[in-house]
Each structure stands twice: as structure tokens, then as C-alpha cells.
Amino acid sequence: MAKEYNLSTSRRVPLKTQRRIKNISTGLVGRIVVVQTLFGTFIGCLRSIGLSTIRLRVFSGIDRVFITIRIPIGIILDIFRFPCP
């Protein structure tokens, strides 16, 4: 079973941005996405969307394993599908 980590902070993006992210995310489940947060940028497979978080599966270069990170929607600046030719 993959490890799961949680990102958290007291900073938040505006509610309008949070609603836009949640609307976009529903169509991207199961796809490779780029998630830009207040912490940085993550690239991985969007696993699921909860009420206030998304689950993203990313490759950990440290242990050479896949991990799942739970990212609060309130800290996501942008999310979009990974551009593949």
C-alpha cells in the first residue's frame, strides 16, 4: 500500500479560485495533471476529489516509490491536464 501524506497551511486562495479548481478537477480524475499550489508544483495522477481535498499520486524520487499526497483545495492556485503531444 502506498504511503499518504497531507499538505497543510493556514494560507488560503480566494473562494472563487477554490470553486473553479473543484469544477475543473472533476473532469480530470484518472488523468495526469499539473497542480500548482502555494508550496510548489506537483505532477501526478489525480486519484480522487473529496469535499475539501484532492488526492494526487506522485513518484517519489527518494525511495523510488509512488506516494499519495492529499492537497487541500484551499491552497491550489491552478490545475490542468499534463500536455502530451
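For the structure, see preceding data.
This text gives an overview of the structure that appears in the document.

1. Describing the packing of aromatic side chains
Next, step 1: Applying the stated criterion across every chain yields a total of one aromatic pair.
Next, step 2: With a centroid separation of 5.3 Å and 65 degrees between ring planes, the pair formed by Phe59 and Phe66 is classed as edge-to-face.

2. A word on a nonpolar patch on the surface
Next, step 1: Residues Ile32, Ile43 and Phe82 make up a contiguous nonpolar surface patch of roughly 250 Å² in combined accessible area.
Next, step 2: Position of Phe82 relative to the elements: it lies in the segment after strand S6 (76-81).
Next, step 3: The class of Phe82 is partly exposed, set by a relative accessible area of 33%.

3. With respect to the nonpolar core
Next, step 1: Core analysis: the biggest nonpolar cluster contains 16 residues, and Val33, Val35, Leu46, Ile54, Leu56, Ile71 and Ile79 have the highest contact counts within it.
Next, step 2: Elements supplying a minimum of two residues to this core: strand S2 (32-37), strand S4 (53-60), strand S5 (65-72) and S6.
Next, step 3: Once residues lying within four places of it in the same chain are set aside, the contact partners of Val33 are Leu28, Phe42, Ile43, Gly44, Leu46, Leu56, Ile79, Phe80, Arg81 and Phe82.

Criteria and cut-off values
- Here the residue index of a chain counts from 1 through its sequence in written order.
- Since the coordinates come from a predicted model, pLDDT governs what is reported: local features require at least 70, and pairs of side-chain atoms require 80 or more to be given and counted, while whole-chain, interface and lining totals use all residues.
- With hydrogens and water stripped out, all remaining heavy atoms of the structure feed into the side-chain values.
- Each aromatic pair joins two rings of Phe, Tyr and Trp (for Trp, the six-membered one) with centres within 6.5 Å, and gets the label stacked for planes under 30 degrees apart, edge-to-face for over 60, and tilted for any other angle.
- Like charges within 9 Å and nonpolar side chains (Val, Leu, Ile, Met, Phe, Trp, Tyr) within 5 Å are joined into patches, using only residues over 30% in relative accessible area that form no salt bridge.
- For accessible areas, the Shrake-Rupley method is used with a probe of radius 1.4 Å. Any residue's cover is judged against the shown protein chains and nothing else.
- In the sections that follow, a salt bridge refers to a side-chain nitrogen of Lys or Arg positioned within 4 Å of a carboxyl oxygen of Asp or Glu.
- In this description a helix means any DSSP run of H or I spanning at least four residues, a strand means any run of E spanning at least two, and both kinds are numbered starting from the N terminus.
- A simple rule labels every residue: compare its accessible area, found with a 1.4 Å probe on the protein chains alone, to the largest value its type can have, and call it buried under 20%, exposed over 50%, or partly exposed in between.
- Think of a nonpolar core as a cluster: buried Ala, Val, Leu, Ile, Met, Phe, Trp, Tyr and Cys residues, connected wherever their side-chain atoms sit within 4.5 Å.
- Contacts are assigned to residue pairs that have any heavy atoms within 4.5 Å of one another.

That is the geometry; function is a separate question.
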